[in-house]
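The residues making up each chain are set out below.
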Amino acid sequence: MKERKHFAPGALTAPIPPAMVTVGDFDNANVLTIAWTGILATVPPKTYISVRPSRHSYQILKEKGEFVINLPSVALAKEVDFVGIYTGKKMDKFEKCQLTKQRSEKVAPPTIAECPIALECRVTDILPMGSHDVFMADIVSVSCQDHIIDADGKMHFERADLLAYAHGEYYSLGEIVGRFGFSTDKPKKSEKTKKNTAKNSEKAVKVEKKPFYESAPRSKQQKKKPTDKNKGAPHGRKAAKK
Ligand SMILES: Cc1cc2nc3c(=O)[nH]c(=O)nc-3n(C[C@H](O)[C@H](O)[C@H](O)COP(=O)(O)O)c2cc1C
């Protein structure tokens, strides 16, 4: 077993999205980077952003009650960092970073055209948390660039090349290593035959160890495997219901 060290408590969840959050309205918009964000509920679709009251955007958010979470691609890493360092109090960060404002469908703050995915949000609650206040919000509309969607209307997040953030550094996502529900996939016929051949062979002296989920006793509920219907859309709305 690997040794572990303990530290004082800290906000260390990772990886997280360094979202470009827009506030205000189309003509008087501001943008800041928010990494403290996530999903609160699937139905109704609810999210949050945690904002320090010292941010220029804080008061705008409180007054207008709307924001857009723009998820940036790796190509936007510098802009993400910039709008998270400089305040928009006396600077137009859209102009400075050459970001294009696009009309949002349901809220006043603009969507950033260069960001592949955007969530339009309406604030429902503001909760003081200490250093930051949490703005809980309903997601009232979602948009994404055309190239993310295939001919069947399915979203392909891997095409978005999304930027990630972990402990002070920006990352790209890397390869897909699985798909929602793939741990329950049955081995393909060809793999089964290969296994059996190896088992019967005199050379195969090593007993193959089963993964933990195959040997563990299964409760009735666990027996219910995901059907093709509910595990077939890893990037679609069904996968988001996790
Ligand atoms: C990667 C990154 C993540 C950040 N996450 C947050 C956050 O979750 N909440 C927050 O209040 N500020 C966060 N900031 C800081 C603000 O984006 C920054 O103070 C910004 O300049 C505020 O802009 P404004 O004054 O125009 O509102 C983050 C900055 C960076 C670079």
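Please read all numbers here as calculations on a predicted model, not as lab measurements. (Residues numbered from 1 in each chain as written. Predicted model: local features only at pLDDT ≥ 70, side-chain atom pairs only at ≥ 80, totals over all residues.)

Caption draft 1: Examining the overall build of the chain more closely. A count of helices and strands for the chain gives seven helices and 11 strands. Within the chain, the fraction of its 242 residues that count as buried is 23%. (Helix = DSSP H or I, 4+ residues; strand = E, 2+ residues; numbered from the N terminus. Buried ≥ 20, exposed ≤ 12 C-beta atoms within 10 Å, placed from the backbone.)

Caption draft 2: Just the site of the ligand, in detail. Surveying the vicinity of the ligand reveals 22 residues, the closest of which are His56, Ser57, Gly84, Thr87 and Gly88. Going through the elements one at a time, strand 2 (29-34), strand 4 (46-51) and helix 1 (56-64) are the ones with two or more residues in the shell around the ligand. At four residues, strand 2 tops the list of elements feeding residues into the shell around the ligand. For the shell around the ligand, a count of residues per class yields nine nonpolar, nine polar and four charged. (Near = placed C-beta within 6 Å. Nonpolar A, V, L, I, M, F, W, Y, C, P; charged D, E, K, R; others polar.)

Caption draft 3: Here's a closer look at the sheet that holds strand 3 (residues 37-41). Judged by pairing direction, the sheet is antiparallel, and its seven strands sit side by side in the order 2-1-5-8-9-4-3 without closing on themselves. Because the sheet does not close on itself, it has two edges, and the strands there are strand 2 and strand 3. Neighbouring strand axes in the sheet, compared pairwise and without regard to direction, differ in orientation by 35° on average. As paired elements, strand 8 (residues 117-128) and strand 9 (residues 133-144) share 11 bridges and run antiparallel to each other. Following the sheet pairing, glutamate 120 is matched in strand 9 by serine 141. (Pairing = 2+ DSSP bridges. Axes fitted to C-alpha atoms, helices over the stretch in contact; angles between N-to-C directions.)

Caption draft 4: Representation of the pairing of strand 3. Pairing between strand 3 and strand 4: four bridges, direction antiparallel. Across the sheet, the residue bridging to isoleucine 39 is threonine 47, located in strand 4. Counting the residues between successive antiparallel strands, the hairpin from strand 3 to strand 4 contains four residues.

Caption draft 5: Fine view of unusual backbone geometry. Looking along the chain, the bond that leaves alanine 14 and enters proline 15 is cis, with omega of -5°. Its location among the elements puts proline 15 in the segment before strand 1 (19-24). Cis geometry marks the peptide bond from valine 43 to proline 44; its omega dihedral reads -5°. Not every positive phi belongs to a glycine, and aspartate 161 is a case in point at roughly 50°. By the secondary structure assignment, aspartate 161 is in the loop between strand 9 and strand 10 (163-166). Unusually for a residue other than glycine, histidine 167 sits at a positive phi of about 50°. Classification of histidine 167 by C-beta neighbours within 10 Å gives exposed; the count is 11.

Caption draft 6: Looking closely at the environment of glycine 38. Tracing the chain through its elements places glycine 38 in strand 3. C-alpha separation for the pair glycine 38 and isoleucine 49, spaced 11 residues apart in sequence, amounts to 7.3 Å. For glycine 38, the contacting residues outside a window of four places in its chain are Thr47 and Tyr48. (Contact = placed C-beta atoms within 7 Å.)

Caption draft 7: Up close: helix 1. Of the residues making up helix 1, those classed as buried are Ser57, Ile60 and Leu61. Along the axis of helix 1, the buried positions cluster into a sector of 100°, meaning they face one direction only. Looking at helix 1, the residues exposed on the side facing more than 90 degrees away from the buried face are Gln59 and Glu63. As for helix 1, its buried residues are in contact with strand 1, strand 2, strand 4, strand 5 (66-71), strand 8 and strand 9. (Arc of directions from axis to C-beta.)

Just geometry here; none of it tells us what the structure is for.
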